[in-house]
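# Summary of structural features
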Amino acid sequence: MSPLGSHELTELLVAWSDGDESALERLAPLVHTELRRLASHYMSRERGGHLLQTSALINEAYVRLIDWKAVRWQNRAHFFGVAARMMRRILVDFARQRPRVEHGTEARHISLEGALTVTDEKGSDLLALDEALEGLSKIDERKSRIVELRFFGGLSVEETAEVLKVAPVTVMREWSKAKAWLYRELSSP
Amino acid sequence: MDAELWKRVDALLDAALDLPEREREQFVMRASDGNTRLRDEVLSLLRAQSQAGHFMERSAIRVAARALARDANLTSHESLTGKTLGDYRVESQLGSGGMGEVYLAHDSKLDRKAALKILPRHFVADAERAERFRREARALSALNHPNLITIYEVGEAGGLHFIAMEFVAGRTLRSMLDGRVSLKESLAIASQVAEALAAAHRAGVVHRDIKQDNIMVRSDGYVKLLDFGLAKLTEGAGFVDAAQTQAGAAMGTLAYMSPEQASGEAVDQRTDVWSLGVVLYEMLMGRKPFDGVDRRATVNAILSAAAAPARDFDPALPAELDSILDKALEKERDLRYQTAADFHADLKRLRRTIDSGASSARQRTVAKSWAASSTRARLFLAAAALAVLAAVGFTLWRLYVSRPAAQDWARATRVQLTDQPGTEYFPSLAPDGKSFVYAGRAEGNWNLFLQRVGGRNATLLTPDTPSDESQPAFSPDGSRIAFRSDREPAGIYVMEATGENVRLAVAEGFHPSWSPDGKEIVYSTVGRDTPTVRTTVPSALWVVHLETGAKRLLTQTDAVQPSWSPHGQRVAYWFMPPNVGRSDIATIPSRGGDAVVVTRDAATNWNPVWSPDGRFLYFASDRRGDMSFWRVEIDEETGEVHGEPEAVGTPSTFNRHLSFSRDGKRLLYVQTDRQSNIKAVGFNPKTEKVTGEPFWVTRGDRQISRPILSPDGRQFVMRLQRRSQDDLGVVGRDGTNWRDITNDQFFDRYPRWSPDGRRIVFASDRSGNYEIWTINADGTDLRQLTFDSERGASLPLWSPDGRQILFRRGFLNFIVDVDKTGARPSAQPMPTPEGGASFVPWDWSPDGEKLAGTFSVNASGVGYYSFAERKFEKLADGEAYPVWMSDSRRLIFSNEGKAYVADILTKRVRPFFDAGQEQIRSLGIARDDRLLYFTVYESESDIWLLDLQW
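Values in this document were obtained by computation on a predicted structure and should not be read as measured data. (Residues numbered from 1 in each chain as written. Chains lettered and ligands numbered in written order. Predicted model: local features only at pLDDT ≥ 70, side-chain atom pairs only at ≥ 80, totals over all residues.)

### Notes on the overall build of chain A
Secondary structure assignment for chain A yields 10 helices and zero strands. Each helix (α) and strand (β) of chain A, taken in turn from the N terminus, gives the series α-α-α-α-α-α-α-α-α-α. In chain A, the share of contacts with a sequence separation of at least 24, taken over all contacts with a separation of at least 6, comes to 65%. (Helix = DSSP H or I, 4+ residues; strand = E, 2+ residues; numbered from the N terminus. Contact = placed C-beta atoms within 7 Å.)

### Considerations on the overall build of chain B
When helices and strands are counted, chain B shows 17 helices and 56 strands. Within the span of chain B, comprising 950 residues, buried residues form 49% of the whole. For chain B, the proportion of contacts with a sequence separation of at least 24, taken over those separated by at least 6, is 52%. (Buried ≥ 20, exposed ≤ 12 C-beta atoms within 10 Å, placed from the backbone.)

### Thoughts on unusual backbone geometry
Residues and elements named next belong to chain B. Backbone torsion omega between Glu488 and Pro489 reads -5°, so that peptide bond is classified as cis. Assignment of secondary structure puts Pro489 in the loop between strand 17 (480-485) and strand 18 (491-496). Positive phi, close to 50°, is recorded for Gln471, a residue that is not glycine. Of note, Gln471 is situated in strand 16 (residues 469-474). Its 27 C-beta neighbours within 10 Å are what place Gln471 among the buried residues.

### A look at the packing of helix 10 (residues 168-187) of chain A against helix 3 (residues 36-52) of chain B
Taken N-terminus to C-terminus, the directions of helix 10 of chain A and helix 3 of chain B make an angle of 95°; their axes are 8 Å apart at the nearest point. The orientation of helix 10 of chain A with respect to helix 3 of chain B, classified from their angle, is roughly perpendicular. Only Ser44(B), Leu45(B), Ala48(B), Gln49(B), Gln51(B) and Ala52(B) of helix 3 of chain B make contact with helix 10 of chain A, whose side of the interface consists of Ser176(A), Lys179(A), Ala180(A), Trp181(A), Tyr183(A), Arg184(A) and Ser187(A). (Axes fitted to C-alpha atoms, helices over the stretch in contact; angles between N-to-C directions. Parallel < 35°, antiparallel > 145°, perpendicular 65-115°, else oblique.)

### A word on the nonpolar core
All names here are of chain B. Ranked by size, the top nonpolar core spans 82 residues in total, and within it Leu116, Ala190, Val193, Ala194, Ile215, Leu276 and Ala328 carry the most contacts. In terms of residue count, the dominant contributor to this core is helix 8 (residues 183-202) (11 residues). Those residues in contact with Ala328 that sit more than four places away from it in its chain are Val273, Trp274, Leu276, Gly277, Arg336, Tyr337 and Phe343. In this structure, Leu429, Leu546, Ala559 and Phe629 belong to the second largest nonpolar core, which totals 78 residues. (Core = buried A, V, L, I, M, F, W, Y, C linked by C-beta atoms within 7 Å.)

### Considerations on the sheet that holds strand 51 (residues 883-884) of chain B
Residues and elements named next belong to chain B. With antiparallel pairing, the four strands of this open sheet are ordered in space as 51-52-53-54. The open sheet has two free edges, formed respectively by strand 51 and strand 54 (909-914), since each of these has just one partner strand. The pairing of strand 51 with strand 52 (residues 890-895) spans two bridges and is classified as antiparallel. Across the sheet, residue Trp884 finds its bridge partner in strand 52, namely Leu891. (Pairing = 2+ DSSP bridges.)

### Remarks on the sheet that holds strand 41 (residues 771-776) of chain B
Residues and elements named next belong to chain B. Pairing is antiparallel in the open sheet, where four strands are placed in the order 39-40-41-42. In this open sheet, the two strands that pair with only one neighbour each are strand 39 (748-753) and strand 42 (783-784). Here strand 39 runs beside strand 40 (residues 759-764); their pairing, made up of four bridges, is antiparallel. Along strand 40, the bridge assignment pairs Trp753 with Ile760.

### Let's talk about the environment of Gly592(B)
One can find Gly592(B) in the loop between strand 26 (584-589) and strand 27 (596-597). Once the C-alpha coordinates of Gly592(B) and Arg570(B) are considered, the two residues, 22 residues apart in sequence, prove to be 8.9 Å apart.

### Section: the pairing of strand 21 (residues 520-524) of chain B
Residues and elements named next belong to chain B. The buried fraction of strand 21 is high, at five of five residues. Neither face of strand 21 is open: one carries Glu520, Val522 and Ser524, the other Ile521 and Tyr523, and all of them are buried. Direction of pairing for strand 20 (residues 510-514) relative to strand 21: antiparallel, over a ladder of three bridges. Looking at the pairing, Ser513 lines up with Val522 of strand 21. As judged from the five bridges shared by strand 21 and strand 22 (residues 541-545), these two strands associate in the antiparallel manner. Paired with Val522 across the two strands is Val543, which belongs to strand 22.

### With respect to the packing of helix 8 of chain B against helix 17 (residues 340-355) of chain B
All names here are of chain B. Relative to each other, helix 8 and helix 17 sit at 155°, their axes nearing to 8 Å. Relative to helix 17, the element helix 8 is oriented roughly antiparallel. By crossing handedness, the relation of helix 8 to helix 17 is classed as left-handed. Contacts between helix 8 and helix 17 involve Lys184, Leu187, Ala190, Ser191, Ala194, Glu195, Leu197, Ala198 and His201 from the first element and Ala340, Ala341, Phe343, His344, Leu347, Lys348, Leu350, Arg351 and Ile354 from the second. For the contact of helix 8 with helix 17, the residue count by class is 11 nonpolar, three polar and four charged. (Left-handed = near helix turned anticlockwise from the far one by under 90°. Nonpolar A, V, L, I, M, F, W, Y, C, P; charged D, E, K, R; others polar.)

### Notes on helix 17 of chain B
Residues and elements named next belong to chain B. Its 16 residues give helix 17 an end-to-end C-alpha distance of 22 Å, which sits within 8% of 22 Å, the value for a rise of 1.5 Å per residue. Of the residues making up helix 17, those classed as buried are Ala340, Phe343, His344, Leu347, Leu350 and Ile354. End-on, the buried residues of helix 17 take up no more than an arc of 130°, which puts them together on one face. Against helix 8, helix 13 (269-285) and helix 16 (319-328) lie the buried residues of helix 17. (Expected span 1.5 Å × (residues − 1). Arc of directions from axis to C-beta.)

### Quick word on the environment of Glu834(B)
Along the chain, Glu834(B) falls in the loop between strand 46 (828-829) and strand 47 (838-844). Linking Glu834(B) and Ala859(B), residues 25 residues apart in sequence, is a C-alpha distance of 9.7 Å.

### Re helix 9 (residues 157-164) of chain A
Residues of helix 9 of chain A that are buried include every one of Glu159(A), Thr160(A), Ala161(A) and Val163(A), and no others. One or two steps after helix 9 of chain A, the chain reaches Lys165(A), where phi turns positive at roughly 55°.

### Thoughts on the confidence of the model for chain A
Detailed reading of the predicted coordinates is not advisable wherever pLDDT falls low. Residues and elements named next belong to chain A. The predicted model of chain A has a mean per-residue pLDDT of 65, with 53% of residues at 70 or higher. For chain A, the element scoring lowest by mean pLDDT is helix 6 (residues 107-116), at 29; helix 8 (residues 141-152) scores highest, at 90. Within the model, pLDDT remains below 50 along residues 45-64, and this stretch shows 48 contacts once partners closer than five positions in the same chain are excluded. (pLDDT = per-residue confidence, 0-100.)

### Let's talk about the pairing of strand 17 of chain B
Strand residues, when the strand is regular, have side chains that alternate between the two faces of the sheet. Residues and elements named next belong to chain B. A large share of strand 17 lies buried, amounting to five of its six residues. Here four bridges tie strand 16 to strand 17, and the two strands are oriented antiparallel to one another. Looking across to strand 17, one finds that Ser470 is bridged to Arg484. Counted along the chain from strand 16 to the antiparallel partner strand 17, the turn is five residues long, and its residue Gly478 has a positive phi close to 80°. Bridge count for strand 17 against strand 18 is six bridges, and the pairing is antiparallel. Bridging across to strand 18, Ala482 finds its partner in Val494. Here strand 17 folds back onto strand 18, and the loop between the two strands holds five residues.

### Notes on the environment of Asp419(B)
Mapped onto the elements of the fold, Asp419(B) is located in the loop between strand 11 (413-416) and strand 12 (424-429). It is 9.2 Å that separates the C-alpha atoms of Asp419(B) and Arg456(B), two residues lying 37 residues apart in sequence.

### With respect to the confidence of the model for chain B
Residues and elements named next belong to chain B. Model confidence for chain B is summarised by a mean pLDDT of 80, while 82% of its residues fall at 70 or above. Confidence drops under a pLDDT of 50 for residues 74-78, and excluding neighbours within four residues, the segment shows six contacts in the predicted structure. Under a pLDDT of 50 for its full length, residues 234-252 has, in the predicted model, 71 contacts with residues more than four places off or in other chains.

Shown next, in the form of structure tokens:
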């Protein structure tokens, strides 16, 4: 699926987590490919509702980018964290560069407007969300990490708990509170 | 916020979240110990937490992918040019924007030009929202005002939803506003818009998004208002949360937002007045009255800044203009023009003054003459995203009934009063007709709400009650409300109309109805909300005296939902005669005595309510198909009925729970809309588990019944229940390409595919009785297969070899050869199970050797019949219809929301899927066992008002 071998991919991630920013540039095309593939699935469905048998493909899409089984991770938790951060960076950058359908000053808000047509997609203005998350990290680092892992990393509650070495129930509570905080941030005019 | 405060907020939030939802607020008030900052933070987070719902539940990459797909969708219809959508041939693209692309098209049926707006898919993906929009479009299309753009049709073709409307050659006001517009022209445009708004408002429709882009000016100066109600499409389905929707408004639209919109309050017609004020101001001044460098500044300006007076810009403008603008741009909406009609009148007056030269107004030159501007048609549609408004406007339209004899109500205006998702029941109109109380669901149980007629905000009258409260009834003087409560002790309670001073009236009973003097209440001992539910114990009627608490029995034969006559003589009620599955209406003297029957016929008659003058008894009845309202003339003294019932006429398929105002000029009722759609989910036949998430195959207001996937797996055939007919239809497996196979006044039911997928067998009453018919899948070559089935033939099944058809007549099953041409084929009866039971065959096994079905009559459960062994075998309890998997060995069926798989060899029965809240109906499986499908039934009940005074 990927032009890169999983070893190389892994090395890139490690390199990036070690501070090599150029590694991200080489990772981004992979994520973009995956993104476009998902988008074309969304486009291909004729009407609302769900997508035929693709939910499995979509879930935690980035995990697909990495051949987990082929890689033996000493520190699986650490890797999850790195991968989630990578997704955040790449997706937010992508959102920033996304070509606009509309013109002029409204562009910045279009994605949010469109997103709001479906109530569960308020988070769809990734730029705004990213900013808000930055704010959250200043007062509550743990909550912002949870959001990063869950939302950007696509990790389940259990996986997040494993990464952070806390109980799943704690993750759930913190996630719920973090969502409330972000929701409020994004809702205020 | 500093970290220290946040820690305290976080801890308090935690503690609050551990409590039940309704106790949280009070707890926070107490625990914050006077620290208002702390308290406000926690409360606002709690609010956000309860609203957040599915926020961020979809991972970021999916969100990004959807956004990408949406961008692509918005620009991907370029190819529509030259194609045909329904009756429309698309000629060229006129424009595009956030609300979809607009094309110039030719209506081939009526040979006229039309503008087609293609709605972006994500706007119509939600069926409920799309349906609301359709309803509103229909209401508007009935208006036919010269300044409102005419909507021809809201349609769907090739998976695209579109609005076909009048094509207007002109420009949007936006495109004219390169410079300022002259005073005269500004007033001319604004007053036409005001006139259009006044007409729409009279019909109860609020535009919500008045701005330059939505106003078209024809080259002859005629103004057309566009995009009515489109703003509603962007509302979150069933989400009435202003803050949330408001966040979606884009800058372009923001400047036209009223203060109530900007602060997330409910919206009414006065919002349109404000926005038109902004438009007028902008035309005259060349700038917006409230504008900021960013969102926040703009909102602040709208909420608190005063608009610079027009005469500051141009002292030559008439003083009257400033006072008009002041009145339109009044932040306090109670002080604003209350109606667009008032606004219009003032504009008109000013125009007259100017025309007569009495005003000091000096004519401006048009910066850019629109009359001389390009005539090239261009519908410029909302480049900006639409302002999304909270609360739902109400819809209303003239009501037409088929029988003018049904008098006054045919002329009544019809207004929707509640618009919550789900159900509102038992409205009771206050005697003055100005407010009403109803039962609605809140926090998982039924509560009573009070709402002003025409108002949007309901007041919860029964807070903090974990019990169910329902069936409220205003006392005749309007000061008190009686209701049923399940609290301990359960029974009838009375409270003040404000919700205060709740006290027990009697510790039993349902459906309270007041005596005219307000001293007594009649109630039934059994509660029945629908006419089909029979209880084992007959319901009695009792009267309780509120002051003394003394009770007296009125009748013990079955009687529910009593209604006390307006002058006190009689009580009307409905009852279920023994051994009959329908219901009838009777009255009984309120002092006791013999009952007099009002209806006694084959229809279901129920929910009787006296007209306030006592001359008529109104009731719900399905005597003409739909459950709608009827009335019959009656003598209040004797109960004697005069003449035949006549239709009151309410255009929906299910209506109930009537309530009158004292003057009899307003009538409330509950209207229920129902729909049933196909859902599907992947299935792995090896593991016997579902794969992936269930998804909608169809979404819309159709009532789909028993869909069956074709042998090639490409399309479903189904019965479509329509107003007064049942038709056969097909739809592609992906929910597109709808097609009717039959569409006539007959009832066509139980369609099944032939094994080669070319023909369909079904039962139809087109010959008088129900007989078995076959037809080609394209609707041609209709043939009758059975004759003279006095008891009706139904439930046909095609044998896997295609040569025989099995059907049911009475409690017996027959098999008939399909191939016999010419002579009428004769049917052979099949064996029956022992013990007088009956077997309802539902699916023929792929190997042709067995039938899966349900046992009935003296037996129940799911099982099968083996032709070889001539043996019936029961596998499980339950009443659902089983279908075979491809191995002819396993069966799947559903029971009470769960899906099961049963193995006929090992006899193992195992649940494998739970649809949760949704009931699984008509479960089916694809030939390759890889896809399960079923129907999901939804209904929504809202309260409507018929008003003779409007």
